[in-house]
Amino acid sequence: MSENKRPNLTTSAGAPVPSNQDSLTAGERGPLLMQDYQLIEKLAHQNRERIPERTVHAKGWGAHGTLKITGDISRYTKAKALQPGAETPMLARFSTVAGELGAADAERDVRGFALKFYTEDGNWDLVGNNTPVFFVRDPYKFADFIHTQKRHPKTNMRSPTAMWDFWSLSPESLHQVTILMSDRGLPVSPMHMNGYGSHTYSMWNDQGERFWVKFHFKTEQGHKHYTNAEAEQVVGKTRESYQEALYNAIEGGTYPRWKMQIQVMPEMDAETCPFNPFDLTKVWPHGDYPPIDVGYFELNRMPENYFAEIENAAFSPSNIVPGISWSPDKMLQARIFSYADAHRHRLGTHYEQIPVNRPHCPMHHYHKDGEMNVYGGIATGNPNAYYEPNSFNGPVEVPAAQEPPLRIDGNANRYDHRTGHDDYSQVRVLFEKVLEPDEKERLFSNIAGTWADVPEFICERQLGEFKKVHPDYEAGVRKAWEKVKAEGGYQPNAQPVDENTPPVAAE
Ligand code: NDP
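Residues numbered from 1 in each chain as written. Predicted model: local features only at pLDDT ≥ 70, side-chain atom pairs only at ≥ 80, totals over all residues. Heavy atoms only, no water.

Chemist: With reference to specific residues and values, describe the overall build of the chain.
Modeler: A tally of helices and strands in the chain yields twelve helices and ten strands. Scaling as 2.2 N^0.38, a compact globule of 507 residues should have a C-alpha radius of gyration of about 23 Å, and the chain matches this with 26 Å. For the chain, the residues scored as buried account for 48% of the 507 residues in total. Partitioning the intrachain contacts of the chain with sequence separation of at least 6 by distance along the chain shows that 72% fall at a separation of at least 24. Of the accessible surface of the chain, which amounts to about 26,100 Å², a share of 53% is contributed by carbon and sulfur atoms. (Helix = DSSP H or I, 4+ residues; strand = E, 2+ residues; numbered from the N terminus. Rg over C-alpha atoms; globule rule 2.2 N^0.38 Å. Buried < 20%, exposed > 50% of the residue type's maximum accessible area, 1.4 Å probe, protein only. Contact = heavy atoms within 4.5 Å. Areas by Shrake-Rupley, 256 points an atom, 1.4 Å probe, with all protein chains shown as cover.)

Encoded structure:
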């Protein structure tokens with residue numbers, strides 16, 4: 001301690017620092033001395049304060065909380081964290097998909113809804129969205145889709161042309177596009193939206209039976225949304241409206257809650273289900289698979305350090321625990337690899353050792369050196385046990401953690417994901433039965449509002465897709481588009497198009 005009882009300023013190696021004000025110079029006018037290592041270290045640290053931002057879901061808001069199980073789903077799963085009465089510490093991170101780290105919060109976009117449960121059997125991550133479906137069903141399309149949401153390589157601007165070109169050529173996106181352009185595409189805060197596991201997962205019980213499962217998290221704060229006009233006002237005043245809302249609520253002692261529910265499908269029902277239950281562009285109708293109450297989670301503690309606990313948080317669908325597993329969903333299978341791989345790139349090979357990612361239960365493994373390995377040899381509990389099998393009390397496998405065999409059928413082949421799928425019926429139910437007339441009007445104008453500079457043939461192609469959902473859908477958007485045109489807001493040549501590669505209207 002220094003004389004005034006404040007802690008000593010030290011180097012990162014712990015030695016006291018004589019000055020944090022004046023550089024070490026040869027004479028008052030300089031130049032600097034190379035040996036002023038603390039100055040060099042300070043500059044070097046500043047240069048390294050940013051890590052690569054996430055390619056998607058860069059802008060986020062998060063908090064710690066607790067999952068409490070009030071229902072009884074023990075007949076479906078042996079997961080300890082899901083047994084009646086269980087309480088599990090957790091972390092939630094919400095995000096927009098397309099915007100960069102500094103993007104405004106109140107922008108129309110899908111929201112990420114990522115949950116990490118620190119269970120006694122290891123971390124269980126559920127990395128979902130605020131929507132029950134997604135834009136694509138085959139992972140080959142994931143990178144292409146994301147490219148349409150990010151910046152154009154030449155203009156470095158977001159490109160509605162790219163978005164609608166891709167969507168109009170990808171009918172499987174209709175369901176998600178409709179939800180995105182509806183009221184739910186612009187919640188007023190992370191607390192006023194649902195979360196969905198989106199993919200089909202599975203659960204397995206003590207008897208080795210498997211069930212297919214959808215996860216739902218229903219906001220107890222109620223759904224609240226901005227219109228585009230309201231969001232413009234908000235963004236004009238603050239770009240951090242979500243962070244402010246979440247921070248002020250939790251620091252003020254008002255803890256947001258979400259009710260947890262699951263839909264369950266017996267394993268063999270998947271073979272007779274009229275749609276592919278592993279298709280990420282589809283929901284399971286509530287009438288056929290009624291949601292079952294499981295419990296709720298509450299967020300009650302903001303991070304002490306945003307960077308350490310939220311920017312460093314690494315969620316991955318690869319993190320499951322005994323009693324919970326994946327499904328054949330092709331998008332989920334791809335994310336099992338790609339999310340963990342993104343973290344290895346962004347945070348370092350041993351990113352699970354960062355405190356916010358570290359399991360609360362003991363972990364013992366044989367992964368050895370590499371970036372961020374701060375545990376060294378003790379990961380196995382014994383420095384002589386750094387390979388397996390060994391005679392030195394190294395960790396051994398746990399056969400009871402083996403999930404039941406996964407039934408797989410069919411020839412390894414490439415199956416055309418664009419044919420043989422009904423991309424319209426579920427969107428039609430949403431449009432006809434769920435959306436109220438006033439919300440439909442907002443849906444129409446929200447869509448037409450994004451077409452200000454999209455080439456006409458792309459808009460027409462998309463209108464053709466809306467028509468296949470419902471003639472009123474096409475007619476409504478067309479009318480809203482005509483209005484935009486009449487008001488002079490349609491200038492399809494505003495965006496520069498490379499004259500050597502004009503758009504091709506052919507299918
Ligand atoms: P239901 O009538 O039983 O369910 C309709 C569901 O739609 C509601 O439970 C609610 O889901 C959700 N919803 C309500 N208002 C809106 C809105 N303004 N925008 C978007 N979603 C809304 O019918 P189905 O289960 O047969 O589903 C019908 C359609 O509803 C689906 O095709 C899908 O588009 C949409 N939907 C269905 C969900 C599902 O898991 N079955 C989930 C979300 C949407 P919630 O209770 O999750 O808020």
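That was the structure; now back to the text.
Chemist: Account for empty space enclosed by the protein, with residues named and values stated.
Modeler: Tallying each qualifying case throughout the model produces four cavities of 30 Å³ or more. As for the largest cavity, its lining consists of P132, Y196, G197, S198, K214, F215, H216, Q263, K282, V283 and W284. Looking at the lining of the largest cavity, its residues break down into five nonpolar, four polar and two charged. Computed from the structure, the second largest cavity encloses a volume of approximately 50 Å³. Contributing to the lining of the second largest cavity are E172, H175, T281, K282, D422, D423, S425, Q426 and V427. If you tally residues by element for the lining of the second largest cavity, the top one is helix α9 (residues 425–434), at three residues. (1 Å grid on protein atoms, 1.4 Å probe; cavity = no way out; pocket = protein on both sides within 12 Å on 5 of 7 lines; lining within 4 Å. Points joined across faces, edges and corners; volume = space filled by probe spheres on them. Nonpolar A, V, L, I, M, F, W, Y, C, P; charged D, E, K, R; others polar.)

Chemist: Outline the side chain of T155, supporting the account with residue identities and numerical values.
Modeler: Counting through the fold element by element, T155 comes out in the loop between α2 (142–149) and α3 (160–168). For T155, the side chain forms a polar contact with the main-chain nitrogen of M157, separated by 3.1 Å. (Polar contact = N/O pair within 3.5 Å; in protein donor to acceptor, adjacent residues only side chain to side chain.)

Chemist: Could you give an account of α3, naming the residues involved and the relevant values?
Modeler: Buried residues dominate α3, accounting for seven of its nine residues. Those residues of α3 that fall on the buried side of the exposure criterion are P160, T161, M163, W164, F166, W167 and S168. Where α3 is buried, its residues touch α2, α4 (174–181), α10 (437–449) and α11 (456–469).

Chemist: Please give an account of the site of the ligand that cites residues and values.
Modeler: Neighbouring residues of the ligand: 19 residues in total, closest H175, N194, Y196, H286 and Q426. Backbone polar atom of W284 to a nitrogen atom of the ligand: 3.0 Å apart, as the coordinates give it. E439 is positioned such that a nitrogen or oxygen atom in its side chain is 3.0 Å from a nitrogen atom of the ligand. The fraction of the free accessible surface of the ligand (770 Å²) that becomes covered by protein chains is 76%. Going through the elements one at a time, β7 (210–219) and α9 are the ones with two or more residues in the shell around the ligand. Top element by residues in the shell around the ligand is α9. It accounts for four residues. Here the residues of the shell around the ligand are counted per class, giving nine nonpolar, seven polar and three charged. The residues that make up the shell around the ligand include at least three from each of domain 2 (60–135 + 170–358) and domain 3 (425–486). (Near = heavy atom within 4 Å. Domains from an automatic or database assignment.)

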